[in-house]
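# Overview (structure and organization)
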Amino acid sequence: MEKIIAYTGYKKKDFSACLGCKICASVCTLNDFSMHANPQGLLLKILLGDNTITDDPLIKNCVSCYRCTDACPWQIRVPEVVRAIRETLELSSPFEKAFKGSISIWGRVYEPYIFMNAIGFLIKNGYLKHLMKWTEYISFHLPHKIKRI
Amino acid sequence: MEYSYYPGCSLTGSAKRLDMATRKILLTLGYTIKEIPEWNCCGAVEYGNKEELIRLSRENLKKAEAVSKTIIAPCPACYRNLKESNRDGDFNIYNPLDMFNVADINKLEIKKDLKKMVFTPYYGCVLLRPKETAIKNRNIIEEIITNFGGEIDGEKIRDRCCGGNLFFSNKEMTEKCVNLIASRSKGIFVVYCPLCHMALNTFSNRKVVYITNIILYMLGERKNI
Ligand code: SF4
Ligand code: SF4
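As the structure is a computational prediction, the values presented were derived from the model and not from experiment. (Residues numbered from 1 in each chain as written. Chains lettered and ligands numbered in written order. Predicted model: local features only at pLDDT ≥ 70, side-chain atom pairs only at ≥ 80, totals over all residues. Heavy atoms only, no water.)

## Quick notes on the interface of chain B and chain A
Definition in use: Any two residues whose heavy atoms approach within 4.5 Å at even a single point are treated as in contact. Two parts placed together each lose some accessible area under a 1.4 Å probe, and the buried area is that loss summed for both. Salt-bridge detection follows one rule: a side-chain nitrogen of Lys or Arg within 4 Å of a carboxyl oxygen of Asp or Glu. Counting of polar contacts relies on pairs of N or O atoms within 3.5 Å, with two restrictions inside protein: one atom must be capable of donating a hydrogen and the other of accepting it, and residues adjacent in sequence are counted only when both atoms are side-chain atoms. Helix and strand definitions follow DSSP, with helices as H or I runs of at least four residues and strands as E runs of at least two, each counted in order from the N terminus.
Tallying the contact residues gives 51 residues for chain B and 54 residues for chain A. Across the chain B to chain A interface the summed buried area is about 4800 Å²; carbon plus sulfur atoms make up 53%. Its largest share of buried area at the contact with chain A, chain B owes to Glu38(B), Glu46(B) and Phe168(B), together 15% of the area lost on that side. The interface formed by chain B and chain A holds six salt bridges in total. With a closest N to O distance of 3.3 Å, Asp70(A) and Lys131(B) form a salt bridge. The tally of links from chain B across to chain A stands at 27 residue pairs in polar contact (both at pLDDT 80 or more). Of all the secondary-structure elements, those providing two or more residues to the side of chain B that touches chain A are helix H1 (8-12), helix H2 (16-28), helix H3 (50-64), helix H4 (76-85), helix H8 (171-183) and helix H9 (194-203) of chain B.

## What about the packing of H8(B) against H9(B)?
All names here are of chain B. Let me state the cut-off plainly: Each axis is a line fitted through C-alpha atoms, taken for helices only over the stretch in contact, and angles between the N-to-C directions span 0 to 180 degrees. What sets the label is the angle itself: under 35 degrees gives roughly parallel, over 145 gives roughly antiparallel, 65 to 115 gives roughly perpendicular, and the rest give oblique. Note on residue categories: nonpolar means Ala, Val, Leu, Ile, Met, Phe, Trp, Tyr, Cys or Pro, charged means Asp, Glu, Lys or Arg, and polar means any other residue, Gly included.
Interhelical geometry of H8 versus H9 gives an angle of 80 degrees and a closest axis separation of 9 Å. Taken together, the axes of H8 and H9 lie roughly perpendicular to each other. Residues Lys171, Thr174, Glu175, Val178, Asn179 and Ile181 of H8 form the contact with H9, whose own contacting residues are Ala199, Leu200 and Phe203. Each residue belonging to the contact of H8 with H9 can be placed in one class, and the counts come to five nonpolar, two polar and two charged.

## Re a nonpolar patch on the surface
Residues and elements named next belong to chain A. Threshold: Exposure above 30% relative accessible area and the absence of a salt bridge qualify a residue for a patch, where like charges join within 9 Å and nonpolar side chains (Val, Leu, Ile, Met, Phe, Trp, Tyr) within 5 Å. Reported accessibility uses the Shrake-Rupley method at a 1.4 Å probe radius. Residues are deemed covered only where the shown protein chains occlude them. Burial here depends on accessible area, computed with a 1.4 Å probe over protein chains only, as a share of the maximum for the residue type. Under 20% is buried, over 50% is exposed, and the range in between is partly exposed.
Nonpolar side chains collect at one region of the surface, where Ile123, Leu128 and Leu131 lie side by side and expose about 240 Å² of accessible area between them. With respect to the secondary-structure elements, Leu128 resides in the loop between helix H9 (119-124) and helix H10 (131-134). You can call Leu128 partly exposed: its relative accessible area is 32%.

## Quick notes on helix H7 (residues 140-147) of chain B
Residue and element names in this part refer to chain B. Those residues of H7 not exposed but buried are Ile140, Ile141, Glu142, Ile144 and Ile145. Buried-residue contacts for H7 involve helix H5 (96-99), helix H6 (102-106), strand S5 (118-121), strand S6 (151-152), strand S7 (188-191) and helix H10 (211-218). Positive phi appears at Gly149, one or two residues downstream of H7, with a value of about 95 degrees.

## Side note on H3(B)
We count it as follows: In this analysis, the expected span of each helix is defined as 1.5 Å times one less than the number of residues it contains.
Here H3(B) is 15 residues long and its end C-alpha atoms lie 21 Å apart, about the 21 Å a rise of 1.5 Å per residue gives. Lys50(B), Leu53(B), Ile54(B), Leu56(B), Ser57(B), Asn60(B), Leu61(B), Lys63(B) and Ala64(B) are the residues of H3(B) that are buried. In the core, the buried residues of H3(B) are packed alongside helix H1 (2-8) and helix H6 (78-88) of chain A together with strand S1 (2-5), strand S3 (70-72), H4 and strand S4 (92-94) of chain B. Where H3(B) begins, one side-chain oxygen reaches toward the backbone nitrogen of Glu51(B), 3.2 Å away; that side chain belongs to Asn49(B).

## As for the environment of Val109(A)
Its place among the elements puts Val109(A) in the loop between helix H7 (94-106) and helix H8 (111-117). Setting aside its immediate chain neighbours within four residues, Val109(A) contacts Phe99(A), Ser102(A), Ile103(A), Ile114(A), Cys9(B) and Cys41(B).

## Thoughts on the pattern of salt bridges
Taken as a whole and judged by the stated rule, the model has 22 salt bridges over all chains. Counted as one network, the salt bridges with shared partners bring together Arg77(A), Glu80(A), Lys50(B), Arg80(B), Glu84(B) and Glu132(B).

What follows is the structure, encoded as structure tokens:
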């Protein structure tokens, strides 16, 4: 829990600023799809050190839209809290891992590398059927390794 | 005055066309830009550790000093991360949408208008939220379209989420978001974010274009939108 809080860039006491007004829940994108998301509940769990956060629908589904932040009287950045939880629990997908792998090798994203490293994931989860629509995004370029300057 | 230009990974790869179009329009509007030497990835939204994410963009700010402390960053994710890492406020960071204003475009030679065409301006999330890092003119896409005779639809969904952030981890969410957006709007989607472009293009059957396509079309640099 300490690690999660440290990753968010907030201090523990910042979580107690939440008023419990649930304006965030009323605008949350997930609730357009009746997914019973309650960002306020998630913040409270972190404040209380409640380990059931892993089951919260936001962990899997929060789309980082910042609608909650925009509406919140304290502009609390719930999506950054969710990302901190995902990182701590090591929930990133093989694609996301390959993305970071590319950054650590070249300092930049190199799509062919990511594609090759995540190919199993992409096949298994039915991404390849979109390839026809992706032709316009494919451009040939060589990887560029960042020099230290 | 010379501006630092931060293309970022999308614009050197999958959104190469957005890069070329943006550079061309900035040049036409009279901006002199120079790419930041040896820039690194901004980390997009892939880093759960905020400090780690900020550090990547802070590197880029340092590298920008070689050109100018006024930076133009087209990709909304890069733009936002740069702005977030500019904690001391030493740098001025803009999105090209801050530069594309109607008054300046009007001074150019406009060869075609947008009459009888219907568009859904679509901003998505990062360009408008959080407030601290939002673009200056939150209606810029609408202003450009209506000023040149185009019709607007989908006002209510212009800032709904496309779900693009989960595209490569949980694409069912992306599909749901796009379905909602598509069902509440009509016409050609006009975006500026490479991820919105990809999400809308993948899961809807509508045409999706960048606002730069529209500007270049009006300038006679493109045959079609
Ligand atoms: S950022 Fe996440 S929690 Fe906040 S409104 Fe969007 S989906 Fe809901
Ligand atoms: S809107 Fe902000 S203050 Fe209100 S419940 Fe949500 S997080 Fe707490």
